[in-house]
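# Breakdown of the fold
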Amino acid sequence: LTTKQELRPAFPERTTAGNLPGTRRRRMMTSGSTGVPLEFYWDRAALPIMGGTEWFWLGWAGTASWHTRVLITSPAYFYDQLTPPRPFHRLAAGVLLGERTARLPANEATPARFRALVAEVGRRGPYYIRGYPGSLASLAAGLAADGAPLAAAPRVIGAFAETPPPANARHLEGGVG
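Because the structure is a prediction, the values reported are computed rather than measured.

In this structure the tally under the stated criterion is 3 salt bridges. Between arginine 113 and glutamate 108 there is a salt bridge, with the nearest N and O atoms lying 3.0 Å from each other. Overall, the relative accessible area of 43% leaves arginine 113 in the partly exposed class. Given a relative accessible area of 27%, glutamate 108 falls into the partly exposed group.

Next comes the structure, spelled out in structure tokens:
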């Protein structure tokens with residue numbers, strides 16, 4: 001069994017496959033929701049597989065790539081430490097597939113900021129939410145406490161990383177969905 005504590009000091013020298021060319025490496029990290037973020041390299045060659053998986057999930061969930069994706073993920077500082085996607089890929093996703101993404105860092109996801117974001121993206125049509133279960137549940141609990149409805153309901157809410165525990169799922173259903 002290898003732990004994160006063993007991997008962290010070994011990154012990247014002892015954790016990256018030697019046959020993975022530098023041009024295919026994209027520096028990423030986990031959200032740090034369980035303590036400290038874990039850095040890793042993602043192989044850019046996996047992008048078509050990841051995209052296909054995303055499209056399958058969107059269809060299964062009853063939404064589409066041209067619906068605005070609202071990401072409530074990692075803290076704001078997280079994005080400053082990553083290698084951004086290549087500009088051509090972002091342009092192609094927007095022009096060819098109609099993808100639009102609105103990000104709200106988890107540490108800035110207050111009910112007021114989320115309501116403002118939903119009011120903005122809801123004018124463009126349907127949207128869906130992706131995020132980590134704990135961040136989504138915390139936001140949903142705050143929205144439920146407010147009692148005010150959202151300007152537009154999301155098509156679907158999807159959790160990254162793990163299935164939300166039953167208590168968090170109830171918050172999501174009551175506060176956002």
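This brings us to helix α5 (residues 111-122). Here α5 contains 12 residues, and its C-alpha end-to-end distance of 16 Å stays within 8% of the 16 Å for a straight helix at 1.5 Å per residue. Three or more residues of α5 are buried, namely Pro111, Phe114, Arg115, Leu117, Val118 and Val121. What you see down the axis of α5 is that its buried residues fit within an arc of 165°, all on one side. Along its buried surface, α5 packs onto β3 (68-72), β4 (101-103), β5 (127-131) and α6 (133-146).

Per-residue confidence for the protein chain averages 77 on the pLDDT scale, and 75% of its residues sit at or above 70. Ranking the elements of the protein chain by mean pLDDT puts helix α3 (residues 76-80) last with 57 and α5 first with 92.

For the rest of this paragraph, the subject is the environment of alanine 145. Along the chain, alanine 145 turns up in helix α6. The exposed category is assigned to alanine 145, whose relative accessible area is 67%. Put simply, alanine 145 and proline 111 are 34 residues apart on the chain and 9.4 Å apart in space, counted from C-alpha to C-alpha.

Turning our attention to the sheet that holds strand β6 (residues 157-159). With respect to topology, 4 strands assemble into an open sheet ordered β4-β3-β5-β6, the strand pairing being parallel. Two strands lie at the open edges of the sheet, namely β4 and β6, each paired on one side alone. Pairs of neighbouring strands in the sheet enclose a mean axial angle of 20°, with direction left out of account. Bridge analysis of β5 against β6 gives 3 bridges, and the strand direction is parallel. When the sheet's bridge partners are listed, arginine 130 is paired in β6 with glycine 158. The strands that α5 touches are β3, β4 and β5; relative to β3, the one it contacts most, it runs at about 170°. Running over the sheet, α6 touches β3, β5 and β6 and is turned about 140° from β6.

Rules behind the numbers
- Residues numbered from 1 in each chain as written.
- Predicted model: local features only at pLDDT ≥ 70, side-chain atom pairs only at ≥ 80, totals over all residues.
- Heavy atoms only, no water.
- Salt bridge = Lys/Arg side-chain N within 4 Å of Asp/Glu carboxyl O.
- Buried < 20%, exposed > 50% of the residue type's maximum accessible area, 1.4 Å probe, protein only.
- Helix = DSSP H or I, 4+ residues; strand = E, 2+ residues; numbered from the N terminus.
- Expected span 1.5 Å × (residues − 1).
- Arc of directions from axis to C-beta.
- Contact = heavy atoms within 4.5 Å.
- pLDDT = per-residue confidence, 0-100.
- Pairing = 2+ DSSP bridges.
- Axes fitted to C-alpha atoms, helices over the stretch in contact; angles between N-to-C directions.

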